[in-house]
Every structure is written in structure tokens, then in C-alpha cells.
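What the coordinates show
What follows is the residue order along each chain.
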Amino acid sequence: MDIFEIRTRRLLDLIEARDEPLILIEAAAGMGKSRLLADLAAARNVSVSHGPRPPEATGRLGLWDVPSGSSIERLADVAGIGKLVLAKRPETRLPGLDRLAAFGAVYVLPDAALLYEPDELAAAFGKVKGLEIATTTGGWPLLVDKAGVRAIEPAVLERFIGDEILADQPAETLVRLTMMLAGRKMATGAPPLPLARLDASGAWTIGGTSLATPLANALAAEQNHRIADPKLRTDLAAASVNLGSVTDTILDMQKAGEFEAAERLLEAEHSWYFLYFHGTEAFDAVLAGFPDEASRQSDTVAFCRALQALKHGEVSLARRLLADRFGGETLDPARVLGDRRRYSVEFRSFRLVMLIYEDIPLTDELLHLAFAILADLPIEAHLLRGSIYNAILEFYLRSRRFAEADDVAERALRHYRVAGASLLAFYISLHLAIMRLMAGDATAAGQWVAEAERDISSLGFDSPHDGLLLKLLKGCVGYEEGNDEALILFLNQDLELFSHGEIWPTLIEFALQYGSQALSRRYSTIAARSFLDRWRVYQVQNRQFQMMIDSREVMVMQNGNRWREAADRLAQLPTPVTQAVASNARLLARLGDRDEIAVALCWLRHMVFETPTRADLIECLAAIEANLALTARQRIGVQIWSAYVLKRQRDLTRARAQLQTTFETAARNGCVGSLSEELVFLADLLANRRIADFLSTVSEARQVLRRLRDFGLGNSGLGSRNGLSRQETKVLIMVTEGASNKFVAKMLQISEPTVKFHLGNVYRKLGCRRRKEAIAAARALGLVG
């Protein structure tokens, strides 16, 4: 039995098993419709009708090959005809067919049923050859004859596919075929062609190795034809949007030289927000397809390329792209945001978002202008509204207005969720997690980390840099909870790639804080300072980042017991906040700038270590602690300094009460990372038996103490473990930094003979005879990082 007879028997069984009187075969060319009718006729000894009218009722199997391009008579009632099998092209209209179908009298034979099945080919040609034929042809009747694979020239096959099959297909089918050939999964639905099969991963693939190249070539030719026709191009673009294949269609338009059409489709697909819906790889590919001059000719391309530059950390390039397209005056954000008649609401919104990345101070005037843009936007403009709130969020975080920051973050998140922009929602979830860490609440931060992870996992594309952001955030939450492994792993393996991507001020502040703290604790002061120096190089042209790095380096030096070097570095910073300012309680209470607060805290920390008995120090610490612009993390540090000063001023009752309150807050929020930053002071506090015994009676404090022991209690306790008093340790640390006896006496407010007395005790206890040996011993003991 040959392959035709085998298929005929299967289909006869199927036809006769159906209750419907009319069996419709409606398939594209090459599916073997006419051959099948002939085989059915031979099997039942009947003839095939080829005319414009249905065959007469005979009570036997009726076969009708409906002609194309002629006037077809209306189908009448099929009662008494037995079974009527009719075959026609999909575009051929048959009057009366829809009425019969509505009454359930029509069964449409699936296109895939016309294909030769693998077991049928194996039965006809043998198992090995049959499998080979199935693999080569996909069971397509056009490519199979009695001998096996029909020999057809590829060029002939390509033209046949294009002219006889693809030319009649709707735009949606072409898009689905493009997605299929690219190996991309599609939404549920019918296969784009009967030849398509579902593979093990759930993606449609084209059956037959001999079909892939001719089909791809024919598809490209048909798409180019439709792209060149404005009406057909519109249909193709709409199908691309509906099926999520916009990128492929834009690239095809660019290859065909239809750049204006490609630009219009890019604009229709959210313009510069295209990145957030399709990913960096697709965004870069689309932008690479436009000529260089497109940035100066098209608003959409200029916006997109500027955003691309920002995402790659190239702020100056983004500014130049905007200036080339819109003029040099657009580099002034206040001018753009304030001129609603000259600049569109889309442009003003984009210019506001750019401020997140620029080294431009955010003023109240800019904030007022940012809110004014909202009045020009319709309520349903969720992407633009979300982005404006996102930019305002950065403003509030820089100015330490945390209550307002929470409010606009929630608003931005709500708009992004409605817009279906999961990647933008991910960024807001990241911000909210960072804000919770700033508030010293690791538990709430972890919840927002989980939310961010859900957002990024819902993307339909890879976003490697955003994965690094999430990895850093997880490491920081783990650090706050007392486990630094994930953060250290990130710093060792991923930092280089991370630092060359998109960076915004809140994120870099976050990375500097945790990265330097973890490296200093795990390795050394040198490792932490090297980490900060790398960031200094990466952000050499950004003044606000440089100030963050400088103030953070001062803290690292202080934690490494390099107090004199830290003080010298502080004195050199280009900031109005001096030690005199940090000594003025009234001025401390009024500070609001992020960088000025950081510098003031460094000076206060220095004074706490050097002159803890100073009479006005508690007042200054109370003033800065009450400042609403402080993060909760910073406030915890100030509370520990206050406890240390109270202890040194012999007020143990207040010192232990302050420490208990701080520890209870840390336990409640699951946060010890901020405490570990202050181990240099905590070690001294907890060395006092009365304080330690008191804290051990409080369950929350005991919990924190256990976790702090895992972190270690810092270098400040090393001196006492080697028999040195507190004052002897301070003298040795300052001498190790190169301080003279006179300078030590001045800083510690003691006489030079007293300095010599302390040094004599140090030499005796460490077994040294001279200054140089004592310095070497201090470094060997780890007293200086």
C-alpha cells in the first residue's frame, strides 16, 4: 500500500465517522486537496465534480473541487446527498456555506489532517526512510510522492510558498511565522501554518528541514512587499503590537529602508519607554538600525538615544544628543520645565527624568515646575505620570524628605502597575527597599526586595544589569541582618560590571555605604578605601558623587583608627560645614542637605572620639538626632555616640538607658548592620560590666548582642586586651598616624609630660624600647587599619 492509499484510508475513516453531512477541506496551496479528492474518488468509485455547481444528490459520497475565480452557485439543503466532501481555497467564497455551518451541518477538516503522519510514512517507506522523509518534509504533501521526497528546486519552492501561500495570509499570520522562525513562544492559539508543530518547550517550530530556508526567504520577501505598501504596512504594524513582535517588525522596516515607518512604530510602542517593555537588547538593536542623523531629525529617536546613553552611564552624551536636536538652551532644566508653550509635555517629562542622572542641584523651584507638569497630563497617562513621580522621588530622597518620598513612591508604583510596566515598577520597589534600609528596618526592606524580585521575574526579556541591582540589594539586606556573605560575593564578582551601568545618586550612596563598610569589616581599611577610589574614578566628573565618596572615606578611616588622617581629610572638603558648624547645636538642627549632614556627622564622630568629655557635646548630639533630615540608620549611630559620651562623662544610668532603647529598635527591625558601623564605640561601652549586665537582662538587647558578637567588637577593644588603658590606646593610635607629642597633647587636651607618661607605659606593656617599635606593634595588633 503506497503513501497515498494509507492517507486516504485514514481520512475516509475520519469522514465517515462524522455526523455532519458536509465535510469542508479549506487549505492553502500545496496541501494536496485535489490529490486527496482524486484518491477518495478512486477508493469509493465515484467521480469528482469540478464545476461551479454542487454535485447532484445520489445518496453516495459526493466530491466537489470548488473552482476559484468563478461564480459559484449557492449551496442548497444537503439532505439526501449522504456525505459531500468539498475542497476550496480559503479566499474562495461559497454562498450558503455559513448558513449550513450555523446549523451544525459542516465539519471543517483540520489542515494538519492533510499532512502525512510519521507512522504513515514509516508504513509506506520503512521505519528508517520514513523517519528521514518526515524530518525533511514535515509531512507536507507537496514534497512527498510515491518514491519518497519530491525533488523541487529551492527557488521554485520559495516562489510557490510566497505566491501561493503567504500572499493570501493575514498580517497576523506573517508575524506569528516570524516569531516561530525566531524560536520565540507565542500566545496560545492556532499554529501559523499547518506545517507548524509544538516542540517540547511549548514553542511552535516548522516541520521539515527542507522548508525552513525557503519559508524564511519567502516570508522576508512578503514582509518587504507589505512594508513598502502604506496600507499593508499599517496592518503589519498593528499585528506586531498585538502579538508582541514589534522589535522584529521595526528591524524589518529598517532593513527595507522604511525608517519613517520604523520610527512611527517605535513611537507608537511607547517611544523611549520601549526599553522598559522590550529590554535593553531589543532597544539597542532598534536604535542601531536608525542612521546617525536620525537623532537630529526625530524627537523619538533623540529621546531614545539619550535614554540609552543615560542607561550606560554616559550623561554628557545624553546632554549632547538633546542639545543637537532641541538646542543648547534645553540643557537648562529650569528653562525647559518652565516653558510649556515652547516645549511639549513629553519633552518636559523626559527632561525631568534626566535630572535623576545629572550633577545639577535640585531646587524648590525645579520641584514646583515638576509638579506643574502633572497638570498638563491626562489622568490615563500612567507612564508619564509615574515617571514624574519617580523623578520627584529622587529629589525628596536627596533632600531627606522621607515622608514625601514614601508618598510619591507609592504614586509612581501605582501608575506603573496600571501601565503594565513591570521593569519600572521594579525600580520603585528597589527604591522602597532602600528607603526601608535607610530607616533601619531590614524586615520591611526584605519584603520590598521580594516584591522587586517578583517584578523582574515577570519580564518577558533578560535584564542583566537590573539583576545585579537586585543582587546588591539582597546582599545589603543580608548584611543588615548579620550575614555579609552575599554582599562580599557581589563586591568580589559583580562590582566591575555593575559600576559601568546605570547609576543614580540614591543607588550610589547605598552602594558606597554598604560596600565600604563590609570590606572594611571583612578585610581592611585599605580594601575599603580602594573600593571607594574605584568609584572616584568612575564618577570623576560628578561633584555630588565625589562628596559622597569623600565623606564615606572619612568614616572608613575613622573605623580604621586613623582619626588624625580623617580629620585632615575633613578639613580639606569643599563644604561650608566645618568643625565649628558641627559644634553649634542650633546650626546642626537646621541642616537639610544630604552631603552637609554627612560631613557634620563625620565631625561629630571625630569629636566624640577625641573629646568625649566636652561640655556641649551632648547638646550637639541631641540637636542632630532631632533633625528630621537624618536617616534612621544615621540616627542609630548618633544614639550610640550619645551613650558613649554619657559613659565617658560618668552618667552610666543614662548611657545604658540610651543603649537599651537603641538595641530594642534594632531588634524590632531586624537590623544590626547599622550597629556594626559603630563597633569602635560599642566595644568600649560593652566593656563596662554595669552596662553589659544591664543589657543582658533585656531579651531584645541580648538578641542584638549575640548578633554583634558574630560581627566582632571592632579594633577599639584590642588595646585593653593587650593591657593598654583607653588613653594609652588613643595616644598610641595618634602616634602611629605620625602625630607629634605636642599635637597629641593638644588633641587630647592633656599636657606633653602626660603624653610621654602614657607612651612610657605603652612601651613597657608592649615590650618596646622606642617609638618606631611601638608603631610596628600597633599595626601588628590591628589597632590601625
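In the block above lies the structure referred to throughout.
Let us look at unusual backbone geometry. One non-glycine residue, S271, lies in the positive phi region at around 55 degrees. Note that S271 resides in the loop between α11 (259-268) and α12 (274-278). A positive phi angle, near 65 degrees, is found at R650, a position not held by glycine. Note that R650 resides in the loop between α35 (632-648) and α36 (652-669). By relative accessible area, which is 77% here, R650 ends up exposed.

Right, let's talk about the environment of G289 for a bit. Looking at the secondary structure, you find G289 in the loop between α13 (280-288) and α14 (294-297). We classify G289 as partly exposed; its relative accessible area is 24%. Put simply, G289 and I250 are 39 residues apart on the chain and 8.7 Å apart in space, counted from C-alpha to C-alpha.

This brings us to the sheet that holds strand β2 (residues 48-49). The parallel open sheet is built from five strands, whose spatial order is β2-β3-β4-β1-β5. Bordering the open sheet on either side are β2 and β5 (106-108), each of which pairs with just one other strand. Across five bridges, the pairing between strand β3 (residues 61-65) and strand β4 (residues 83-88) is parallel. Looking across to β4, one finds that W64 is bridged to L86.

Turning next to the packing of helix α10 (residues 246-255) against α13. Between α10 and α13, whose axes approach to 9 Å, the crossing angle comes to 15 degrees. Regarding the angle of α10 to α13, the classification is roughly parallel. Judged by the twist between their axes, the crossing of α10 over α13 is left-handed. Together, T247, I250, L251 and Q254 of α10 and A282, A285 and V286 of α13 make up the contact between the two elements.

The rules behind these values
- Residues numbered from 1 in each chain as written.
- Predicted model: local features only at pLDDT ≥ 70, side-chain atom pairs only at ≥ 80, totals over all residues.
- Heavy atoms only, no water.
- Helix = DSSP H or I, 4+ residues; strand = E, 2+ residues; numbered from the N terminus.
- Buried < 20%, exposed > 50% of the residue type's maximum accessible area, 1.4 Å probe, protein only.
- Pairing = 2+ DSSP bridges.
- Axes fitted to C-alpha atoms, helices over the stretch in contact; angles between N-to-C directions.
- Parallel < 35°, antiparallel > 145°, perpendicular 65-115°, else oblique.
- Left-handed = near helix turned anticlockwise from the far one by under 90°.
- Contact = heavy atoms within 4.5 Å.

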